[in-house]
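The chain contents come next:
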Amino acid sequence: MNEKITGSEALMRALQHEGVKTIFGYPGGSIMPVYDALYDYTRGEKKAFDHILVRHEQAATHAAEGFARVSGQVGVALVTSGPGATNTLTGVADAMLDSTPIVVIAGQVPISALGTDFFQEVDLVGVAQPISKWSYQIRHAEDIAWAVSRAFYIARSGRPGPVVLDFPKNAQTELVEFHPQKADFVRSYVPYPKVDPEAVLAAADLINNAKKPLALVGQGVELGNAQDELLAFLEKADIPAGRTMLGLSALPSTHPLNVGMLGMHGNYAVNLKEQECDVLIAIGMRFSDRVTGSLKTYARQAKVIHFDIDKSEINKNVKADVAVVADCKESLPAVTALLKKNEHTAWRASFKPLDEKERVKVIEPAIHPTEGPLLMGEVVNAVAEATQGDAVLVTDVGQNQLFATRYFRYPKRRSLCTSGGLGTMGYGMPAAIGATFGAPDRTVVCFMGDGGFQMSIQELGTIMEQQAPVKMILLNNNYLGNVRQWQDMFWNRRKSFTRMMNPCYEAIAQGYGIPYEAVTQRDRLTAAVEKMLATPGPYILECAILEDDDVLPMTPPGANINEMLLEVK
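Residues numbered from 1 in each chain as written. Predicted model: local features only at pLDDT ≥ 70, side-chain atom pairs only at ≥ 80, totals over all residues. Heavy atoms only, no water.

Quick word on the nonpolar core
- Counting residues in each nonpolar core, the largest one holds 66 residues, and the members touching the most others are Leu280, Phe408, Phe447 and Cys543.
- Counting residues per element, this core draws most heavily on helix α17 (residues 376–387), at 6 residues.
- If you look at the next biggest cluster of nonpolar residues, it comprises 40 residues, including Leu78, Val148, Ile154 and Phe178. (Core = buried A, V, L, I, M, F, W, Y, C linked by side-chain atoms within 4.5 Å. Buried < 20%, exposed > 50% of the residue type's maximum accessible area, 1.4 Å probe, protein only. Helix = DSSP H or I, 4+ residues; strand = E, 2+ residues; numbered from the N terminus.)

Observations concerning unusual backbone geometry
- Here the amide bond leading from Leu552 into Pro553 is cis, since omega sits at 0°, within 30 degrees of zero.
- Checked against the element boundaries, Pro553 lands in the segment after β20 (539–544).
- Positive phi, close to 55°, is recorded for Asp238, a residue that is not glycine.
- Position of Asp238 among the secondary structure elements: in the loop between α11 (227–237) and β10 (241–243).
- One non-glycine residue, Ala299, lies in positive phi territory at about 50°.
- With respect to the secondary-structure elements, Ala299 resides in the loop between α13 (289–292) and β13 (303–308).

Here we look at the sheet that holds β10
- An order of β11-β10-β9-β12-β13-β14 is seen for the 6 strands of this open sheet, with the pairing classed as parallel. Strands with a single pairing partner mark the edges of an open sheet, and in this sheet they are β11 (258–261) and β14 (322–325). Averaged over neighbouring strand pairs, the angle between their axes works out to 20° when direction is ignored.
- Note that β10 and β11 share 2 bridges and pair parallel. Among the inter-strand pairings, Ala241 is bridged to a residue of β11, identified as Asn258.
- Seen against the sheet, helix α9 (residues 197–208) touches β12 (279–283), β13 and β14 and runs at an angle of roughly 130° to β14. (Pairing = 2+ DSSP bridges. Axes fitted to C-alpha atoms, helices over the stretch in contact; angles between N-to-C directions. Contact = heavy atoms within 4.5 Å.)

Quick look at the sheet that holds strand β16 (residues 416–417)
- Within the open sheet, the 6 strands sit side by side as β16-β15-β17-β18-β20-β19. Their pairing is parallel. Two strands bound the open sheet, and with one partner strand each, they are β16 and β19 (516–519).
- Helix α19 (residues 428–438) rests against β15 (392–395), β17 (444–449) and β18 (470–476) of the sheet, and its axis sits at about 175° to β17.

Examining the packing of α17 against helix α18 (residues 399–407)
- Look at α17 against α18: their axes get within 9 Å of each other, and the N-to-C directions meet at 45°. As judged from the angle between their axes, α17 and α18 are oblique. Read as a crossing pair, α17 and α18 show a hand that is right-handed. On α18, the residues touching Met376, Gly377, Val380 and Ala384 of α17 are Gln399, Asn400, Phe403, Ala404 and Tyr407.
- Of the residues in the contact of α17 with α18, the class split is 6 nonpolar, 3 polar and no charged. (Parallel < 35°, antiparallel > 145°, perpendicular 65-115°, else oblique. Left-handed = near helix turned anticlockwise from the far one by under 90°. Nonpolar A, V, L, I, M, F, W, Y, C, P; charged D, E, K, R; others polar.)

Re the environment of Ala269
- Tracing the backbone shows Ala269 in helix α12 (residues 268–273).
- According to the relative accessible area criterion, Ala269 is buried, its value standing at 0%.
- Each C-alpha atom, one on Ala269 and one on Val217, is 16 Å from the other, the two residues being 52 residues apart in sequence.
- Those residues in contact with Ala269 that lie beyond four places of it in its chain are Phe351, Leu354, Asp355 and Glu358.

A word on the environment of Ala113
- Residue position: Ala113 is located in the loop between β5 (102–108) and α6 (124–128).
- For the pair formed by Ala113 and Glu530, sequence separation is 417 residues and the distance between their alpha carbons is 57 Å.
- In this structure Ala113 touches Phe118 and Glu121, once residues within four positions along its chain are discounted.

Quick word on the pattern of salt bridges
- Evaluated as defined, the whole model comprises 29 salt bridges.
- The residue Glu18 makes a salt bridge to Lys182 at a minimum N-O spacing of 3.4 Å. Residue Glu18 is located in the loop between α1 (7–17) and β2 (22–25), and its partner Lys182 is located in the loop between β8 (175–176) and α9; the two are separated by 164 residues in the primary sequence.
- Look at Lys182 and you get exposed, because its relative accessible area is 52%. (Salt bridge = Lys/Arg side-chain N within 4 Å of Asp/Glu carboxyl O.)

Comments concerning the side chain of Asn267
- Structurally, the position occupied by Asn267 is in the loop between β11 and α12.
- A polar side-chain atom of Asn267 sits 3.1 Å from a polar atom in the side chain of Glu358.
- Setting aside its immediate chain neighbours within four residues, Asn267 contacts Val259, Gly260, Met261, Glu358, Arg406 and Met564. (Polar contact = N/O pair within 3.5 Å; in protein donor to acceptor, adjacent residues only side chain to side chain.)

Here it is as structure tokens:
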């Protein structure tokens, strides 16, 4: 007779079978049998997992996201039912919009109690379904191996995303014979569409005849591990390339074909040239409103080629003249093989005067000011120079995110964790914790504003317990800075509830036993950054920032993408 084990033990073995080594979680009543089984799997001869006890369930999902972003593996969060499960939903939605592979396993009341308003009962599958790639309730222990295998396959395959498993307590305690499974097929789910030869021919023809081609590189390139294929494609046809915020580390910052960041707060030249190019080549990006500005006028002069693994993105926002629906690791080489070796010297040179204009009017004043309070750009630049491109950049959301992504350097792959589609304040600190476990050999720097820092301030407890080596840079301007900027620019300077009364961060750091320094003077910045990086373990560096420091350039909301402002009037 084969061995029978509890459903909770079966879950442990199923996670082992999927190669899971790190779990971010928070225990509670309806997941207690699983945590009891986990006890044996985190110590002694049976040790298989590191469990990271977060201080809030939302942080478990963001930590799982940070882990997934830098490692390329599936992140795992483990929580209880009711509020434990609902607290994860912001992270699930965040992962869905940013195509991040995570699996959330949540306890649930026994199936005999479902529908009775049992203590901490929530219809998690129903709530999670619209914001996840798949949500499923494991009603009996015999379904565990199948469900876990399917969950990881769906989360990591095709366009990645979050999966939610609802795990009733009866299934956790039932006995079952465990037989591991490996999913590689789901009926009606086609994660990797076949490359259409006709689309490949049409795309190559447009590119070969283009006079002013421009590529837009998104995170899909990194998700598909197609960085080498991208370089071969761009270099053969000599195509300048802009990058979305999430795609910043898909193409090295120093590559001569890199022409900057796209979007509302991106670089001046590339945004203007989107309105001048004759062939626009989107690769693994979704034409977010933050990239396009007004769709009524966006790139109307250009033929559009859209490379994407997800057919639903084609023609969703911008009509494609040619759609190459496939994994870009396969579709890019197929097109590259048909490209003529080309040079677009004059077209590429036309970017330079606009780059110079932005450098003089925006970049130099932002990163090399000579007087006044510290600026966010110069702090980011100081950290970027000190880490020499080796670090993983994690940001929260707001001005800290926009300055950090603009002025950091990305010579290495998978070097950025930020909340793009959902724009989740409080994302930064827990995502940085996850990143330290996903890339333990790299320095992890996390830029946060005073608002976002306080949204996940409890995770200092996780950092303290794990001694997670997160280098936290707090850009403190005493405001919800991004909203304040919009209020100043578009709402007649009516600063409605954006000024922050802040605590003493030094005292908070002391309470958690985390080294801390505050910088208020420019001449102390370089030394303070070097001290932070040289100090083992976590560190908080608080920088007193000019209160009305603005992120520029900026395309006003609803404006044409080429109507970028280089200064606030």
